[in-house]
Each structure stands twice: as structure tokens, then as C-alpha cells.
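What follows is each chain in one-letter form.
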Amino acid sequence: MSLAAGRDDEGFLNGRQLRLMAPAAPGGGWDQTAREMQAALRDEAGRTEVYNVAGAGGTIGLSQFVRFERDPTQLMVMGLVMVGAIESNDSPVALDRTTPLARLLTDYEVIVVPADSPVRSMDDLVTLMKDDVGKVSWAGGSAGGIEQILAGLVTDAIGANPADVNYVAHSGGGEALSTLLSGRATVGVSGVSELVGQIRAGTIRPIAVSSPQRLPTLPDVPTLKEQKVDVELANWRGVVAPSGIGAEEERELEDLLMRMTRTEAWQETLQRRGWLDASLAGPQFDRYLIDERRTVTDVLKKMGLA
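This is a predicted model, so every value here is computed, not measured.

> Provide a residue-level description of the packing of aromatic side chains, including the pertinent values.
Aromatic ring pairs are described here by two measures, namely the spacing of the ring centres and the angle between the planes. The full count for this structure, using the stated rule, is four aromatic pairs. Ring centres 5.4 Å apart and planes at 75° place the aromatic pair tryptophan 236 and tyrosine 288 in the edge-to-face group. Of this pair, tryptophan 236 sits in strand S9 (residues 234–242) while tyrosine 288 is found in helix H12 (residues 283–302), placing the two residues 52 residues apart along the sequence. Tryptophan 236 sits in the buried class, given a relative accessible area of 1%. When the ring of tryptophan 266 is compared with that of tryptophan 275, the centres are 6.2 Å apart and the planes differ by 45°; the resulting orientation is tilted. By relative accessible area, tryptophan 266 is classed as buried at 0%.

> How would you sum up unusual backbone geometry? Please name residues and give values.
In this structure, alanine 56 takes a positive phi of about 55° despite not being glycine. Structurally, the position occupied by alanine 56 is in the loop between strand S2 (48–52) and helix H4 (59–65). Phi at arginine 70 takes a positive value of approximately 75°, unusual for a residue other than glycine. Position of arginine 70 among the secondary structure elements: in the loop between H4 and strand S3 (74–79).

> Just give me the short version of the packing of helix H2 (residues 29–40) against helix H11 (residues 264–273), but keep the residues and values in it.
Between H2 and H11, whose axes approach to 9 Å, the crossing angle comes to 150°. Viewed along their axes, H2 and H11 adopt a mutual orientation that is roughly antiparallel. Every pair of crossing elements has a handedness; the one defined by H2 and H11 is right-handed. Facing Gln32, Thr33, Glu36, Met37 and Ala40 of H2, the residues of H11 in contact are Ala265, Trp266, Thr269, Arg272 and Arg273. Considered class by class, the residues forming the contact of H2 with H11 number four nonpolar, three polar and three charged.

> Pulling in residues and values, what's your account of helix H5 (residues 80–88)?
Extensive coverage of H5 is indicated by the burial of eight of its nine residues. Where H5 is concerned, the buried positions are Leu80, Val81, Met82, Val83, Gly84, Ala85, Ile86 and Glu87. Where H5 is buried, its residues contact H2, H4, S3, helix H7 (146–157), S9 and H12. One or two steps after H5, the chain reaches aspartate 90, where phi turns positive at roughly 50°.

About the cut-offs
Residues numbered from 1 in each chain as written. Predicted model: local features only at pLDDT ≥ 70, side-chain atom pairs only at ≥ 80, totals over all residues. Heavy atoms only, no water. Phe/Tyr/Trp six-rings, centres within 6.5 Å; stacked < 30°, edge-to-face > 60°. Helix = DSSP H or I, 4+ residues; strand = E, 2+ residues; numbered from the N terminus. Buried < 20%, exposed > 50% of the residue type's maximum accessible area, 1.4 Å probe, protein only. Axes fitted to C-alpha atoms, helices over the stretch in contact; angles between N-to-C directions. Parallel < 35°, antiparallel > 145°, perpendicular 65-115°, else oblique. Left-handed = near helix turned anticlockwise from the far one by under 90°. Contact = heavy atoms within 4.5 Å. Nonpolar A, V, L, I, M, F, W, Y, C, P; charged D, E, K, R; others polar.

Just distances and angles here, no functional claims.
See the structure below:
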């Protein structure tokens, strides 16, 4: 029985709706994911309420979310950015105080400049960085998140010191874009899905993507590796529930999310947003989270951020 069919009788929702936290400002990748989930879950679980709690790479939202202990109607979008922010912000609350449910998707990063920027390619950007890394300012998401990690990896790959990166952190992709367009940053970096609209509108120019091959969403944009910068980095997003929920509730929620990933609405979302399916649930996702924390911590230590 689907949760939608059972929410007024034997299903654990029992007439209550799911609430889904996007732990970032509106407009960013977590917000987009939450709102696309809201649409794709409609036939499976009825109306889902989405709300935002912004700040500190999702750790402010996480600190509020853990108060919902044992409540299976509360869900939170999270991902690689939060894993990094917990380490770099020395967050007192970690993901071990949640119940991991599923990984949903991956979203590669795109490096962009304003449309009128003299920087036309990664060659141009690398030249500026080799001249003076600190004079090249990067606008991106929260400190310790995937955007700052990418900036550090690019810097390391060209033989410069990642600790010298001039990174301007923001709570959401919309704020980072405003900084870039205002001229207060040399280059911007964010998820493809967050910037594809502005790229198509011509307000910003993409110069590289962090994927192993060119992306169908941006087929004319070369990868970093194509431009002799040996870096590849994928973002991912998933969902957690509060700690203390029952084993059957956890299984029902995992099943719900996996059914959602097979709906036509979700498949259309992946294509439209340029996201790649990365559905993974249960013990496999638990193990994946452990491995990701180890990998991200190692990278952040090398950058002096953890």
C-alpha cells in the first residue's frame, strides 16, 4: 500500500502530511530538490509542505531538525555540502543524529564568469591564478561546501596553494550569483541546475564543468579535464529522517522515496534540471555516507578547513 492510499488509515501518516526541510535559502540546489520532490510525491503521499532554514551549509537547519526525534513525518534534504559543512564548521550536531533514508541524485558543478568578463576559458582563469591566486575571488555556496572544495582542487591541480584561495561564501546559489554579477567576484561556481537558467539567458558565461564528460544540459561547455585541469567532482543530494523512528517507518519512507524516483514526474525533473539519477537506499546509503565523510574530511584537512 502506498502512503497516499494509507494516510487516513493504517499508514503511519494517519492523516498527517509530510514536512520537508530545505536547509538553505530559496533558489539553491536543496530548495530545488525539495520542491521537485513535493511535486513528484503528490500521487504517492498527498500534499507535502516544504520550508526553508538557511545558513552554515545546512548545519543550522540540521540543528533544528534533530528536535523532531521519533517523528517520521519530518524529512530533510541534505547532501555532500552538509557533510563538508559539518566538518569545516565544527558543527556540534552531526548526521549520526538523523536516520539516513536515500541518496537521490548527483549534480555536477559549473564554473562561470559574468557575460562581459575578459575571462573566456579556463586557460584565462589559470593564467590569473598563477599570477596571484588571492586576487581571483570565487563566489559560491557555504564555507566548506562542494564549491569551495572545487576551488581548492582546481588551485591544487595548477600547482598553487589551496590555502590561498580567496573564497566568498554564501548561504545559497542566488546570493552567490548576485555577488558575481555585481562585480565583487571574479568567478562563480555552483551546481549546473542552479545556474543553467542564467546561462541560457546570457547573463553569465560558463567556462568549465566538473563532470568526467560534457553534460547534455550544457553540451558546448568543456570539462575541466579537457582544459588540462585534472579535476572531477560530483555533488549529490539525499534525504534523512529524524533519529528514533521505527524500523517499519524507516522502510516505508525508503520505499516511498524509491517509488518517487521511478515516477514520470521525477524522471522529467532529472532531464529538465540536468540532474543524474543516483538512487540508493537502506544499508548501502548508510555505508556510502560513512565513506563520503571520510573522503571529505581528508580533502578539507589538506585545505586547512577542518
